[in-house]
Amino acid sequence: MVSRVIPVNLFDLVIFGATGDLAKRKILPGLFHRFAVGQMPAKAGIIAVARTAMSADSFRDIVRESLMEFAPKFAQDKDLLARFLGQIDYVRVDATGDQGWDELAAALRPDTVRSFYLSVAPSLFGTIAAQLTAHNIATKDSRIVVEKPFGHDLASAQALNADLRRSFDEHQIYRIDHYLGKETVQNLMALRFANALWEPLWNATHIDHVQITVAEDLGVDGRGEYYDQSGAMRDMMQNHLMQLLCLTAMEPPSRFQPSAVRDEKLKVIEALNPVPQTDIVRGQYRGRDGAGGYLDHVGNSKSRTESYIAMKVTIGNWRWAGTPFYLRTGKKLRARTSEIAVVFRDPPHMIFPHVPERRGNAMIIRLQPDEGITLRNTIKEPGPGGFRLAEVNLDMTFADIVEEHSEPQDAYERLIMDVIRGDQTLFMRGDEVEAAWAWADPIINEWQSARSTPVPYDQGSSGPDDALMLLHRDGRRWREIG
Ligand code: NAP
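Residues numbered from 1 in each chain as written. Predicted model: local features only at pLDDT ≥ 70, side-chain atom pairs only at ≥ 80, totals over all residues. Heavy atoms only, no water.

### With respect to the overall build of the protein
- A count of helices and strands for the protein gives 16 helices and 15 strands.
- Its C-alpha atoms give the protein a radius of gyration of 24 Å, near enough to 23 Å, the size a compact globule of 482 residues would have.
- Seen through its C-alpha atoms, the protein measures out along the principal axes to roughly 75 × 55 × 45 Å.
- Relative to its 482 residues, the protein shows a buried fraction of 53%.
- Here the contacts in the protein between residues at least 6 apart in sequence split such that 76% fall between residues at least 24 apart.
- Surface summary for the protein: the accessible area is close to 21200 Å², and the carbon and sulfur share equals 51%.
- One finds the centroid of the 56 positive side-chain charges in the protein at a distance of 2 Å from the centroid of its 64 negative side-chain charges. (Helix = DSSP H or I, 4+ residues; strand = E, 2+ residues; numbered from the N terminus. Rg over C-alpha atoms; globule rule 2.2 N^0.38 Å. Buried < 20%, exposed > 50% of the residue type's maximum accessible area, 1.4 Å probe, protein only. Contact = heavy atoms within 4.5 Å. Areas by Shrake-Rupley, 256 points an atom, 1.4 Å probe, with all protein chains shown as cover. Lys, Arg positive; Asp, Glu negative; His and termini not counted. Charge placed at Lys NZ, Arg CZ, Asp CG, Glu CD.)

### Topic: the domain arrangement of the protein
- Here the domain parsing of the protein yields domain 1 (11–147) and domain 2 (180–407 + 429–472).
- A C-alpha centroid distance of 34 Å is found between domain 1 and domain 2. (Domains from an automatic or database assignment.)

### Side note on the confidence of the model for the protein
- Across the protein, pLDDT averages 92, with 96% of residues at or above 70.
- Contacts for the low-pLDDT stretch residues 1–6, under 50 throughout, to residues beyond four places or in other chains number 15 contacts. (pLDDT = per-residue confidence, 0-100.)

### Overview of the pairing of strand 4 (residues 113–118)
- Summarising burial for strand 4: 6 of the 6 residues are buried, a large majority.
- Because side chains alternate across strand 4, one face comprises the buried residues Val 113, Ser 115 and Tyr 117, and the other comprises Arg 114, Phe 116 and Leu 118, equally buried.
- Summarising the sheet, strand 1 (residues 11–16) and strand 4 pair through 6 bridges and their orientation is parallel. Paired with Leu 13 across the bridge in strand 4 is Ser 115.
- Relative to strand 5 (residues 143–146), strand 4 runs parallel, the two sharing 4 bridges. Its bridge partner lying in strand 5, Ser 115 is registered against Arg 143.
- The handedness of the strand 4 to strand 5 crossover, carried by helix 6 (residues 125–134), is right-handed. (Pairing = 2+ DSSP bridges. Right-handed = clockwise from strand over helix to strand, strands pointing away.)

### A few points about unusual backbone geometry
- A cis amide bond links Lys 148 with the next residue in sequence, Pro 149, at an omega value of 0 degrees.
- Structurally, the position occupied by Pro 149 is in the loop between strand 5 and helix 7 (154–165).
- Phi at Asn 136 is positive, roughly 55 degrees, even though this residue is not glycine.
- Along the chain, Asn 136 turns up in the loop between helix 6 and strand 5.

### Quick notes on the site of the ligand
- The environment of the ligand is made up of 21 residues, and the closest members are Thr 19, Asp 21, Arg 25, Thr 52 and Val 120.
- The separation between an oxygen atom of the ligand and a polar main-chain atom of Gly 17 is 3.2 Å.
- Here an oxygen atom of the ligand and a side-chain polar atom of Thr 19 are 2.6 Å apart.
- Notes on the ligand: free accessible area 890 Å², of which the protein chains cover 73%.
- The element that contributes the greatest number of residues to the shell around the ligand is helix 1 (residues 21–36), accounting for 3 residues. (Near = heavy atom within 4 Å. Polar contact = N/O pair within 3.5 Å; in protein donor to acceptor, adjacent residues only side chain to side chain.)

### Structural notes on the pairing of strand 7 (residues 207–215)
- When you tally the buried positions in strand 7, you get 9 out of 9 residues, the bulk of the element.
- Of the pairings in the sheet, the one linking strand 7 to strand 11 (residues 337–344) comprises 8 bridges and is antiparallel in character. Its bridge partner lying in strand 11, Ile 212 is registered against Ile 340.
- Across 6 bridges, strand 7 lies against strand 10 (residues 325–330) in parallel orientation. When the sheet's bridge partners are listed, Val 210 is paired in strand 10 with Phe 325.

### Observations concerning the environment of Val 145
- You can see Val 145 is positioned in strand 5.
- Val 145 gets classed as buried once you look at its relative accessible area, which sits at 1%.

### Re the side chain of Arg 175
- Inspection of the secondary structure puts Arg 175 in strand 6 (residues 173–175).
- Looking at Arg 175, its side chain comes within polar contact range of the side chain of Asn 161, at 2.8 Å.
- A distance of 2.7 Å separates the side chain of Arg 175 from the side chain of Glu 170, its partner in a polar contact.
- Those residues within four positions of Arg 175 in sequence are excluded, and the remaining contacts are Val 146, Phe 150, Asn 161, Arg 165, Glu 170, Phe 427, Met 428, Arg 429, Gly 430 and Val 433.

### Structural notes on helix 10 (residues 231–249)
- For helix 10, spanning 19 residues, the distance from its first C-alpha to its last is 25 Å, which sits close to the expected 27 Å at 1.5 Å a residue.
- The principal kink in helix 10, of about 50 degrees, is found at Met 237.
- Here helix 10 lies mainly inside the structure; 19 of its 19 residues are buried. (Expected span 1.5 Å × (residues − 1). Bend = angle between axes of the 7 residues up to and from the residue.)

Pasting the structure below:
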């Protein structure tokens with residue numbers, strides 16, 4: 001069933017956890033941006049919820065300050081800012097108790113579609129969902145938005161899904177993966193399915209392999225305790241990289257519609273072959289020049305949690321048999337880079353002499369920084385010096401295109417507006433999340449039963465040497481990070 005698509009001027013958005021970090025840095029600035037460009041009309045209501053006792057005016061003062069920091073361009077416009085703040089209310093509710101729910105009900109208008117954004121710990125999802133129905137605050141048109149992490153393993157993800165589904169139907173549940181809100185990620189679908197050029201080449205006959213990289217230069221300082229319970233596999237691989245793999249590998253959906261797109265992504269996850277431990281490298285960054293390493297940052301000298309993971313993943317279907325997907329993600333690496341590199345096979349017969357060391361044709365879909373798409377081609381080196389080949393890039397940077405047409409959107413902005421519009425295409429469905437855990441669980445369980453220890457790597461490097469070997473032994477090599 002598809003959610004009712006509504007005009008965007010008839011909504012109330014309730015943000016649970018409105019005093020938290022995510023609301024301050026992403027959700028409220030995102031809403032303000034959409035308001036500033038006229039996408040959020042004067043009738044829309046934002047109801048902020050948290051446990052802290054304060055008046056609506058005090059909360060608006062906090063929001064004013066954070067918008068100055070996180071949305072400075074529009075926050076300079078005092079009139080605009082005042083109008084936006086005028087649409088925000090604050091209600092004190094402790095999600096674990098019975099206080100505040102009637103006040104919340106009273107703050108909502110009767111004829112709006114209500115969206116509830118749970119920017120709180122996942123342990124509160126079920127309780128909040130139950131309270132919203134118990135107090136008749138949620139209606140059959142309401143939407144509920146939940147943040148990652150969605151479960152710690154298959155059992156906990158199933159329990160979270162069951163908790164949410166006791167109060168909401170699947171078509172009302174929006175599981176956020178902000179990677180899916182990125183312009184390039186959506187463009188991957190446009191590129192593949194709106195052009196006749198690529199689809200005939202998009203298979204194992206023409207594609208040698210795919211590399212998906214999400215590299216971060218920061219460590220885990222500040223959130224070490226949380227991260228150490230999770231690690232790169234749970235925090236990044238099972239969700240973000242898996243979603244990127246699905247969009248790259250999925251069959252063309254019959255239409256651009258939530259259930260059709262998500263059915264195809266699910267089929268990819270279900271077609272993944274088990275990954276042998278010999279195709280996985282786990283790493284942990286070490287200290288350097290007096291700077292703390294992972295173990296210092298998480299305050300646990302015996303931790304066996306990985307801050308880096310690389311793996312070779314194969315998909316057991318006709319399209320991809322024989323084309324591996326190499327995935328890697330980690331902290332404290334050389335640069336902050338996220339990209340999908342689709343590397344094509346070499347021509348079957350090379351007629352030219354003087355062939356330089358070739359890396360071959362590739363399409364690189366850059367998620368950050370500098371969202372865009374690069375096509376690596378081989379051309380004749382310009383000039384009179386004989387017939388030599390050279391590799392050049394055809395580059396498309398989205399910021400150049402966006403500037404001409406509109407303001408660039410942060411992934412959160414896009415996704416929040418999709419919730420309001422009732423479009424679930426870019427959100428993860430419950431069965432997708434569970435299938436991804438069903439794939440990840442045996443891998444993680446094996447580490448635990450073997451008491452496997454990650455290999456150390458240097459901060460500022462490309463990761464452990466063993467990860468380089470993962471490709472070298474197949475006669476391939478990773479792209480440079482950064
Ligand atoms: P945070 O800074 O710790 O904020 C938590 C919020 O929840 C606060 O507003 C807190 O306000 C409220 N809260 C806590 N217990 C509550 C209760 N019993 N009833 C009502 N409100 C309660 O956390 P965050 O970083 O914003 O993250 C929120 C969620 O998003 C988490 O699930 C996190 O994993 C996820 N997430 C965050 C980020 C990020 O960049 N921050 C990124 C991805 C996902 P009071 O103390 O006033 O109640």
